[in-house]
Amino acid sequence: QVQLAESGGGLVQAGGSLRLSCAASRSILSVNSMGWYRQAPGKQRELVARIDSDGTTAYVDSVKGRFTASRDNGKNTIYLQMNSLKPEDTAVYYCNRLQCQLLPCPWGQGTQVTVSS
C-alpha cells in the first residue's frame, strides 16, 4: 500500500510563503496524476492543484497564480510552492492520487498550514 507523507506546513503571516512536500513510499508518482488537496475546519476536502506524470499542472481559481505544483519522480516527491498566502488558505493540506477525488482512498496525516492576518 502506498504511503504518503506530507510536510512543510506551519504558521505564516498573510503574504508569506511555504513549500509543502509529499513523499511517496514507492514510485507511484511517476505513473499517476497527483493532487494537492486541503481541508479547512468545517469544510469538505477540496482539490486545489493537480500535477500529471508529464508535469502538466492545473489549479483551482482561488490559488491560481499563487501556488505552483512540481514533482521529482526520482525522489518520489511532489511539491507545492505557496506564495502570497491568505488567511483563507488555512487548512490541512494533503497529497494523493487524483482519482481520490472520487474514489475512497487511504489518506496521510496531512500538514497544517495556518495563515494569520
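Report follows, based on the coordinates. What you see is a predicted model; the values in this text were computed from it and never measured.

Quick word on the pairing of strand β4 (residues 34–39)
Now for step 1: Counting buried positions over the 6 residues of β4 gives 5, a clear majority of the element.
Now for step 2: In sequence, β4 turns back onto strand β5 (residues 46–51) through a hairpin of 6 residues, with G42 there showing a positive phi of about 75°.
Now for step 3: Two elements, β4 and strand β9 (residues 91–97), share 6 bridges in a ladder whose sense is antiparallel. Counted as the bridge partner of Q39 is V92 from β9.

Focus on the nonpolar core
Now for step 1: Core analysis: the largest hydrophobic core is formed by 26 residues, its most contacted members being W36, F67, L80, M82 and Y93.
Now for step 2: Elements that contribute at least two residues to this core include exactly β3 (18–24), β4, β5, β7 (67–72), β8 (77–82), β9 and β10 (111–116).
Now for step 3: Among the elements that line this core, the one with the most residues is β3, at 4 residues.
Now for step 4: Residues V92, Y94, C100 and C105 belong to the second largest nonpolar core, which totals 6 residues.

Some words on the pattern of salt bridges
Now for step 1: The final tally for this structure, using the stated rule, is 5 salt bridges.
Now for step 2: When the shortest N-O distance is used, the salt bridge between R38 and D89 registers 2.9 Å. With a gap of 51 residues between them, R38 in strand β4 and D89 in the loop between β8 and β9 connect regions that are remote in the sequence. The same class applies to R38 and to D89, which are both buried.
Now for step 3: Where salt bridges share partners, they join R38, E46, R66 and D89 into one cluster.

Cut-offs applied
- Residues numbered from 1 in each chain as written.
- Predicted model: local features only at pLDDT ≥ 70, side-chain atom pairs only at ≥ 80, totals over all residues.
- Heavy atoms only, no water.
- Buried < 20%, exposed > 50% of the residue type's maximum accessible area, 1.4 Å probe, protein only.
- Helix = DSSP H or I, 4+ residues; strand = E, 2+ residues; numbered from the N terminus.
- Pairing = 2+ DSSP bridges.
- Core = buried A, V, L, I, M, F, W, Y, C linked by side-chain atoms within 4.5 Å.
- Salt bridge = Lys/Arg side-chain N within 4 Å of Asp/Glu carboxyl O.

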